Structures are given as structure tokens and as C-alpha cells.
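Each chain, letter by letter, is given below.
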Amino acid sequence: MPAEVKADYLRVLIAAGFKHIDAVSFVSRSAVPQMADSELVLEYLDPPDDVEIIGIVVNAKGAERAVKTGSVQTLGFPYSVSPTFLQRNQNQTPEESLEELETIGTLAYKAGMDVVAYISMAFGNPYGEAWDIDEVVAACDLLSDNGVTQISLADTVGLATPKQVSDLVSDVLAVHEGIEIGVHLHARPDQAAEKIRAAYEAGCRRFDAAIGGLGGCPFAQDALVGNVATEVLLAQLKELGAELEPLRPLDGLLAASAEISRKYGERVQ
């Protein structure tokens, strides 16, 4: 997808009223060529100062690239309670990952930037590794010790039940009152509302979502398990009585998302 198209889409998001956008990644250009043009995307976009642009990084080199743009306000770091996922996703052991996070945190602090950490596979994984809530709470402890004050619990492959979402969010919030805890949910369309409700009623007030549910995880092994759709999230939060920022109608964004999926989505060769 050309950088101009990405920038145009981000511009439409901003025009609709979104103020916190996970927009770019500064990872290996050879491993993820789709995101190799992040600097160019931000140059075309020239985001306004009142919009938080989040850039995903997995090591110091990526953080340095993000800092250099002058447009990224928050560095997003993917951690995981799954050693297998860490190795596959960013070629790191848990120990190496925390070492990189410490360096990234220092770079962010010097640049006046924030850091948000994502705990991938927070609700289980397809690798058969041991998992329990205490392990996720302990991971939050490790991240907090590294200065992270925003943590997003990721249902990376859409395994979580509403009860698991409720239990995990409740337990993490009970231990980490000073940290902003969010959820990054993946779900089949017919299961999304229940998971959103479970997280909200457990006290979560930070939610990640994607217009039209665009994107997902290659490890999900189910084409219907994608990101929770922003429009579904907003409708459910409104039904729950949440206070929401005013947004313009999303029709244009939904059309743009569908067109991107049609034009640039995975093709069968």
C-alpha cells in the first residue's frame, strides 16, 4: 500500500475526531516490509499536535527511528507472557525483551514521550504453554517496574471468553490502580459485544479497535477472528452509558476501510 494512501486514511481518522491513533511501526524493514515506509507516512501526514500518534517498536533501533520523526508521541512496545510468541514476533527471549524495554523507556523519557506496553497472548495461546491470571499480573509488575504506566491486555488470537476478560481485567486493576489498563480484543463479529461489555463492567476504560475490524493476527487460525470493529465498540460503549468524545459519522471511514481491504488485502496467488 503506498505511503500516500496510508497517510490519507490516517487523515480521515483525524478529521473524524479520533485523537489517539496507533498509526505506524518501526520494526525490521525486511521482516515487515508493509511498514517499511513509516517515516514517509508521517512526513505526508504531518499530524496535528493534539493527536497522539503511537508508533510500535520492538528494540532501541526502532525507538530511535520513531524519536527522529518528531511526530510520534507514544512508543508502543509488544511484550508477551508467551516465550514462543516473543520469539516468533520479535526474535527475543523474555529477558531480552525486558532489556530492550528498559532502553526504549530511557529513550522515550529523554525525548519527552510516553510508552504503552501490550501484553500479547494475555488470555492464552495456541502453543500449549502454561497460562494463568497470576502470570499476567506478574507481567504487569515487570512492566510497571520498567516505568510503564499504560498497559493493554491483548486477546491476540481471540481465545478469551467474556468471563476470562472480566476476571483478568478485574484482577489486574485490583493490583495496579496507578496504571492505565486497557484491552486489545480480537473476536468473531458475533462475540465482540460480549467481550467489550465484560471489560467495561470490570472497570476497563481504554479500548483498542480498528475501523471495520480491519486487520487481525496471523496466529489466530480463523479468518473471522479480527480486531474488534470501532463502530461495534462505540455502539456497545454507548449502550453501556460510557462518556464518549464527539465523533463525526463513520460512513466515510467504513467505506475507506472496505476499499483498502478489497484493494490491498491478502490475495490468493
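For the structure, check the block above.
Residues numbered from 1 in each chain as written. Predicted model: local features only at pLDDT ≥ 70, side-chain atom pairs only at ≥ 80, totals over all residues. Heavy atoms only, no water.

Enquirer: Sorry, what's going on with the overall build of the protein chain here?
Expert: Looking only at helices and strands, the protein chain has 10 helices and 8 strands in total. A compact globule built from 269 residues would reach a C-alpha radius of gyration of about 18 Å, and the protein chain, at 18 Å, matches this within 12%. Judged by the C-alpha coordinates and their principal axes, the protein chain covers about 45 × 45 × 40 Å. Across the 269 residues that make up the protein chain, the buried fraction comes to 47%. The contacts of the protein chain with a sequence gap of at least 6 include a subset with a gap of at least 24, amounting to 71%. Total accessible area on the protein chain is roughly 13500 Å²; 51% of this is exposed by carbon and sulfur atoms. (Helix = DSSP H or I, 4+ residues; strand = E, 2+ residues; numbered from the N terminus. Rg over C-alpha atoms; globule rule 2.2 N^0.38 Å. Buried < 20%, exposed > 50% of the residue type's maximum accessible area, 1.4 Å probe, protein only. Contact = heavy atoms within 4.5 Å. Areas by Shrake-Rupley, 256 points an atom, 1.4 Å probe, with all protein chains shown as cover.)

Enquirer: Would you mind showing me how to read the packing of helix α6 (residues 133-145) against helix α7 (residues 162-175) here?
Expert: What describes two packed helices is the angle between their axes and the distance between those same axes. Where α6 contacts α7, the two axes come as close as 10 Å, and the packing angle between them is 40°. The angle between α6 and α7 places the two elements in the oblique class. Considering how the two elements wind past one another, α6 and α7 form a crossing that is right-handed. Across the interface between the two elements, I133, V136, V137, C140 and D141 from α6 touch D167, L168, D171, V172 and V175 from α7. Here the residues of the contact of α6 with α7 sort into 7 nonpolar, no polar and 3 charged. (Axes fitted to C-alpha atoms, helices over the stretch in contact; angles between N-to-C directions. Parallel < 35°, antiparallel > 145°, perpendicular 65-115°, else oblique. Left-handed = near helix turned anticlockwise from the far one by under 90°. Nonpolar A, V, L, I, M, F, W, Y, C, P; charged D, E, K, R; others polar.)

Enquirer: How should the nonpolar core be read in this particular structure?
Expert: The biggest cluster of nonpolar side chains holds 72 residues, and the ones touching the most others in it are I21, V72, L75, I119, I151, L153 and F207. Sort the elements by how many residues they give to this core and helix α1 (residues 3-16) lands first, with 7 residues. Setting aside anything within four residues of it in sequence, one finds I119 in contact with Y79, V81, V136, A139, C140, L143, I151, S152, L153 and A154. (Core = buried A, V, L, I, M, F, W, Y, C linked by side-chain atoms within 4.5 Å.)

Enquirer: What is the right way to look at the pattern of salt bridges in this model?
Expert: A side chain of one charge can pair with a side chain of the opposite charge if their charged atoms are brought near each other. Evaluation of the coordinates by the stated rule reveals 12 salt bridges. A salt bridge links K6 to D37; its shortest N-O distance comes to 2.8 Å. Residue K6 is found in helix α1, and its partner D37 is found in the loop between β1 (20-26) and α2 (38-45); the two are separated by 31 residues along the sequence. Neither K6 nor D37 differs from the other in exposure class; each is buried. Between R29 and E39 there is a salt bridge, with its nearest N and O atoms 3.5 Å apart. With R29 in the loop between β1 and α2 and E39 in helix α2, this pair connects stretches of sequence that are 10 residues apart. Taking relative accessible area as the criterion, R29 reaches 43% and is therefore assigned partly exposed. Residues joined by salt bridges that share partners form a network here, namely R29, E39 and R65. (Salt bridge = Lys/Arg side-chain N within 4 Å of Asp/Glu carboxyl O.)

Enquirer: Is there a simple way to think about α7 in this case?
Expert: Three- or four-residue spacings in an α-helix give side chains the same orientation, since the helix completes a turn every 3.6 residues. Given a rise of 1.5 Å per residue, 14 residues ought to cover 20 Å, and the 20 Å separating the end C-alpha atoms of α7 matches this to within 8%. Looking at the buried positions of α7, the neighbouring elements they touch are α6, β5 (150-155), β6 (180-187) and α8 (192-201). (Expected span 1.5 Å × (residues − 1).)

Enquirer: Can you help me understand a negative patch on the surface in this one?
Expert: A grouping of E95, E96, E99 and E102 is seen on the molecular surface, where their side chains present a negatively charged patch. For E99, the position within the fold is in helix α5 (residues 94-111). Judged by relative accessible area, which is 52%, E99 ranks as exposed. (Patch = residues over 30% accessible without salt bridge, like charges linked within 9 Å, V, L, I, M, F, W, Y side chains within 5 Å. Lys, Arg positive; Asp, Glu negative; His and termini not counted. Charge placed at Lys NZ, Arg CZ, Asp CG, Glu CD.)

Enquirer: Help me understand the pairing of strand β4 (residues 114-120), please; the structure alone is not making it clear to me.
Expert: Consecutive side chains of a regular strand alternate in pointing toward one face of the sheet and then the other. Counting buried positions along β4 yields 6 of 7 residues, so the element is predominantly enclosed. Inspection of the sheet shows strand β3 (residues 74-80) paired to β4 by 7 bridges, in the parallel sense. Each bridged residue has a counterpart across the sheet, and for Y79 the counterpart in β4 is I119. With 4 bridges connecting them, β4 and β5 associate as parallel partners. Within β5, the residue paired with I119 across the bridge is L153. With α6 bridging β4 and the parallel β5, this β-α-β connection has right-handed handedness. (Pairing = 2+ DSSP bridges. Right-handed = clockwise from strand over helix to strand, strands pointing away.)

Enquirer: In this structure, what is going on with helix α9 (residues 230-239)? I would like to understand it.
Expert: Three or more residues of α9 are buried, namely T230, L233, Q236 and L237. Down the axis of α9, the buried side of the element spans an arc of 130°, and every buried residue falls inside it. Exposed and oriented more than 90 degrees from the buried face of α9 are K238 and E239. Taken together, the buried residues of α9 touch α8 and β7 (206-208). G241, located one to two residues past α9, shows a positive phi value of around 85°. (Arc of directions from axis to C-beta.)

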